[in-house]
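Chain residues, written in single-letter form:
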Amino acid sequence: MGNRRVSAYRIRKGQPYDVRQAARALGVSKPTVRRWTKEGLVAIEGVFPPIFRGVDIKDFVRRRAESRKQPCGPGRIFCFRCKSPKAPALGEVDFYAEGPMLGRLVGFCPDCLATLIRRTSRAKLTAAAGNLKVTFKPAESRLAGTFEPGCNVNSEGD
Ligand SMILES: [Zn+2]
């Protein structure tokens, strides 16, 4: 179901949404909304449980759709700033494990230096990373700063 098209037309820009309300308005599950917070959906800072601004939900859904229109080939990660797939700078990425099956490749855009993130599974890691040099990071490593969501090229965990 991860590749189903999501529409944000029922989201109002000026309205706040909690996870349940956002899920209902978007027609997705609550776990999906929670997962999106790890993929770049911005919640209002310092509030828990998370509350999202309508405008941020719309922005995330739009960017997510854009990345899906341009699936990334091996060794490419979508840059949201450049709006195109990029070969990470220096040909290097880090792999951050997220449990035994999943993880994310993290690199930097060679053109704008934005952080590039591509979610993948260990099984598809080779296909996703292509010829990139991959450094494996411990599961508990935290990334510094904020980052953008990456490509989800048919590698959804659900
Ligand atoms: Zn870029």
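Data block above holds the structure.
Predicted model, so just to flag it, every value in this text is computed and none were measured. Within every chain, residues take consecutive numbers counted from 1 along the sequence as written. Local features in this predicted model are restricted to residues whose pLDDT is 70 or higher, and side-chain atom pairs enter the listing and the counts only when it is 80 or higher, whereas totals over whole chains, interfaces and linings include all residues.

### Regarding the pairing of strand 5 (residues 92-98)
- Strand pairing is assigned whenever DSSP detects at least two bridges linking the two strands. Working definition: helices are DSSP H or I runs of at least four residues, strands are E runs of at least two. Numbering for both runs from the N terminus. In the sheet, strand 5 pairs with strand 8 (residues 133-137) via five bridges, with the strands oriented parallel. Looking at strand 8, one finds that Glu92 is bridged to Lys133.
- Here strand 5 pairs with strand 6 (residues 102-108) via five bridges, running antiparallel. Along strand 6, the bridge assignment pairs Ala97 with Gly103.
- Between strand 5 and strand 6, which pair antiparallel and follow one another directly, the connecting turn spans three residues, one of which, Gly99, has a positive phi of 85°.

### Structural notes on the environment of Ala127
- Examined against the element boundaries, Ala127 turns out to sit in helix 4 (residues 125-129).
- Burial is judged by counting other C-beta atoms within 10 Å of a residue's own C-beta: 20 or more means buried, 12 or fewer means exposed, and anything between counts as partly exposed, with every C-beta placed from the backbone. The partly exposed category is assigned to Ala127, around which 15 C-beta atoms lie within 10 Å.
- Residues Ala127 and Gly73, 54 residues apart in the sequence, show an inter-C-alpha distance of 8.2 Å.

### A look at the sheet that holds strand 6
- Spatially, 7-6-5-8 is the arrangement adopted by the four strands of the open sheet, whose pairing is mixed. Unpaired on one side and paired on the other, strand 7 (115-121) and strand 8 mark the two borders of the sheet. Each strand axis lies, on average, 30° off the axis of its neighbour in the sheet, ignoring direction.
- Across seven bridges, the pairing between strand 6 and strand 7 is antiparallel. Its bridge partner being in strand 7, Val106 is matched across the sheet by Ile117. Fitted lines through C-alpha atoms give the axes, limited to the stretch in contact for helices. The angle between two N-to-C directions lies from 0 to 180 degrees.

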